[in-house]
Amino acid sequence: MSGQDFNPPHSNEAVLSQYDEHMMPIWKTLNVPVKRAEGCTIEDYDGNEYLDIFAGISVTNVGHGNEAVVDAAKSQLEDFVHGCSYVHPSEPVANLAEEIARISPGDLQKTFFCNSGTEAVEGAIKLARKYTGSKEVIALEMGFHGRTLGSLALTGNKSYKSGMAPTLNDVAHTAPPYAYRCSRCDSGVCGGDCADQLEKIIGTHTSGDLAAVVIEPILGEAGIIVPTDEWIRTIQEITHDHDALLIADEVQTGYGRTGEMFASTHFDLVPDILTQAKGIANGLPLGAFTAREEIANAFESGDHLSTFGGNPVACAAALAAIEELEDGIIESVRAKGKWMRSELNALQSEFDAVGQTRGLGLMWGVEMIDSTDKGPMGNAAAPAPDLAADIGTYLREESNVVIGVGGYYKNVLRFQPPLTISRDQLKRALSALREALEAQSE
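Residues numbered from 1 in each chain as written. Predicted model: local features only at pLDDT ≥ 70, side-chain atom pairs only at ≥ 80, totals over all residues. Heavy atoms only, no water.

The next subject is the overall build of the protein chain. Each helix and strand in the protein chain was counted, giving twelve helices and 16 strands. Its C-alpha atoms give the protein chain a radius of gyration of 22 Å, within 12% of the compact-globule value 22 Å for 442 residues. Based on the C-alpha atoms only, the size of the protein chain along its principal axes is roughly 60 × 60 × 45 Å. For the protein chain, the proportion of its 442 residues judged to be buried stands at 54%. Put simply, the protein chain shows about 19,400 Å² of open surface, and 47% of that area lies on carbon and sulfur atoms. (Helix = DSSP H or I, 4+ residues; strand = E, 2+ residues; numbered from the N terminus. Rg over C-alpha atoms; globule rule 2.2 N^0.38 Å. Buried < 20%, exposed > 50% of the residue type's maximum accessible area, 1.4 Å probe, protein only. Areas by Shrake-Rupley, 256 points an atom, 1.4 Å probe, with all protein chains shown as cover.)

This brings us to the nonpolar core. Formed by 98 residues in total, the largest nonpolar core has its most connected members in M368 and F415. A total of 15 residues in this core trace back to one element, the largest contributor, which is helix 10 (residues 312-350). In contact with M368, not counting residues within four places along its chain, are A353, V354, A382, P383, A384, L387, A388, I391, N411, L413 and L437. Judged by nonpolar contacts, the second largest core, of 22 residues, contains A128, A212, V214 and I295. (Core = buried A, V, L, I, M, F, W, Y, C linked by side-chain atoms within 4.5 Å. Contact = heavy atoms within 4.5 Å.)

Here we take up empty space enclosed by the protein. Taken as a whole and assessed by the stated rule, the structure comprises one cavity of 30 Å³ or more. Computed from the structure, the largest cavity encloses a volume of approximately 40 Å³. (1 Å grid on protein atoms, 1.4 Å probe; cavity = no way out; pocket = protein on both sides within 12 Å on 5 of 7 lines; lining within 4 Å. Points joined across faces, edges and corners; volume = space filled by probe spheres on them.)

By the definition in use, this model includes six aromatic pairs. Relative to F299, the ring of F289 lies with its centre 6.4 Å away and its plane at 80°, an arrangement referred to as edge-to-face. Taken as a pair, F289 in strand 10 (residues 287-292) and F299 in the loop between helix 9 (293-296) and helix 10 lie far apart in primary sequence, ten residues in all. Of the two residues examined, F289 and F299, each falls in the buried class. An aromatic cluster is defined as three or more aromatic residues linked by ring pairs; in this entry it consists of Y86, F112, F289 and F299. (Phe/Tyr/Trp six-rings, centres within 6.5 Å; stacked < 30°, edge-to-face > 60°.)

Glancing now at unusual backbone geometry. Looking along the chain, the bond that leaves A165 and enters P166 is cis, with omega of 0°. Of note, P166 is situated in the loop between helix 6 (149-154) and strand 6 (171-174). Although it is not a glycine, N31 adopts a positive phi angle of roughly 60°. Here N31 lies in the loop between helix 1 (12-22) and strand 1 (36-38). You will see that K278, though not glycine, has its phi angle at about 40°, which is positive.

It is worth spelling out the pattern of salt bridges at this point. Summed over the entire model, instances satisfying the criterion amount to 13 salt bridges. Linking E260 and R334 is a salt bridge whose minimum nitrogen-to-oxygen distance equals 3.6 Å. Separated by 74 residues along the polypeptide, E260 in the loop between strand 8 (245-249) and strand 9 (273-276) and R334 in helix 10 bring together distant segments of the chain. For E260, a relative accessible area of 23% translates into the label partly exposed. The closest approach of N and O atoms between R292 and D272, which form a salt bridge, is 2.7 Å. Of this pair, R292 sits in strand 10 while D272 sits in the loop between strand 8 and strand 9, placing them 20 residues apart in sequence. With respect to class, R292 is no different from D272; both count as buried. Ionic contacts of the salt-bridge type, sharing partners, join the residues E99, R102 and E326 into one network. (Salt bridge = Lys/Arg side-chain N within 4 Å of Asp/Glu carboxyl O.)

Right, let's get into the sheet that holds strand 9. Overall, mixed pairing links the seven strands, which are arranged 4-10-9-8-7-5-6 in an open sheet. The open sheet terminates on both sides in strands that have one partner only, identified here as strand 4 (108-114) and strand 6. Direction aside, the axes of adjacent strands within the sheet are offset by 20° on average. Sheet topology note: the strand 4/strand 10 ladder contains six bridges and is antiparallel. Each residue of the ladder has a partner; that of T111, found in strand 10, is T290. With respect to the sheet, helix 7 (residues 197-205) is in contact with strand 5 (136-140), strand 6 and strand 7 (210-215), its orientation differing from that of strand 6 by roughly 150°. (Pairing = 2+ DSSP bridges. Axes fitted to C-alpha atoms, helices over the stretch in contact; angles between N-to-C directions.)

Take the layout of surface pockets next. Roughly 540 Å³ of volume is contained in the second largest pocket. Considering the residues around the second largest pocket, the lining is formed by 22 residues, among which S85, Y86, T111, F112 and F113 are closest to the centre. Secondary-structure elements contributing two or more residues to the lining of the second largest pocket are helix 4 (91-103), strand 4 and strand 10. The biggest single contributor to the lining of the second largest pocket is strand 4, with four residues. Each residue belonging to the lining of the second largest pocket can be placed in one class, and the counts come to 13 nonpolar, seven polar and two charged. (Nonpolar A, V, L, I, M, F, W, Y, C, P; charged D, E, K, R; others polar.)

A separate point is the side chain of R358. Tracing the backbone shows R358 in strand 11 (residues 354-360). Given a relative accessible area of 8%, R358 falls into the buried group. Within polar-contact distance, the side chain of R358 engages the backbone oxygen of G223 at 3.1 Å. Reaching out from R358, the side chain makes a polar contact with the backbone oxygen of I224 at a distance of 3.0 Å. Not counting the four nearest positions on each side in its chain, R358 is found in contact with Y178, Y180, G223, I224, I225, M363, W364, G365, E367 and V412. (Polar contact = N/O pair within 3.5 Å; in protein donor to acceptor, adjacent residues only side chain to side chain.)

In structure tokens:
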């Protein structure tokens, strides 16, 4: 087909047809093709508008089409688009690296820029191996770190690995802080005991050549699982007792999502390496990992590189996004998060199908259950993935609300809207959820 023959699609059906014909069949759909988006609203090609409470999987943190971010990207586009940031130094890249050093927990000082979260995780593992001289890595069961072969090895969920093995060698997994379904936790409250399992895993599943332990401060794809301070502290202590590095994967939790710039701050956690992506540039492709100077300097010229990593347009957008976040957005997320906690707790008390609600800031999970049946670990009701999917469909088709559905058991509704969402928009989303729960219980 020549360029002269090409006619852009003008309907949802046309876009979906093109995807079916020309995209590899791995894409998922919420049945909402996007023609344009602004703030917390997305519009499809048929003219329908939706309230977006998923933000492109927790990406557009300062809102779709944020004016400051768009202007910064446009301005940089007019100067130059690409020069390979590791060959031709430029001001947007240098300024962003300096800003990340300022906003990161503790003394994390030096950054490597890439294009995505999975690349950030892969690079962090390479750096940990180079610095420690060790090779083995431990991650969490049910955790998610990406889909390229190295990060896929860390991901603790076989549904992402089917047909893709073998992945990276020398990876083991330890228990997540999933208190709701943990037989060692009393009444669904994590006492931190499962963190001690890390010591056993090191003793039984490694050769003692441990380079790193990788955790998400809040597990996203697993179902918005929030650990306790004690759990985090124990994991870090055991990791350091074995002369390994603790890597905090903040690809999903970073950049204001939880009411702090990074979720690690909630737990007084200063990781050895911090991975970032998603919200960093509000939708432009950018990833990063940041480490203490001593650790970062283990890399030598040629040890790692990315042709497009640290693209100056994306870095300019990221600088604007950080400024927006610090200009009241993060502070507002804290207040909205407290309100969300109260409202979601009320839904949990009212509906038997809501097993647990959990989260921080504007990162919340609503776990759907079948209260008539026991779950896989016997200490909580059975997961209800079909119910979660049905509620997601109802919200989209009846209320024009787009929500994510995930979790290890595919039974968790995910509230992760743009952080600029208004209280009225949150009320609309929760009112729609209540209506959907009532409809499904009839």
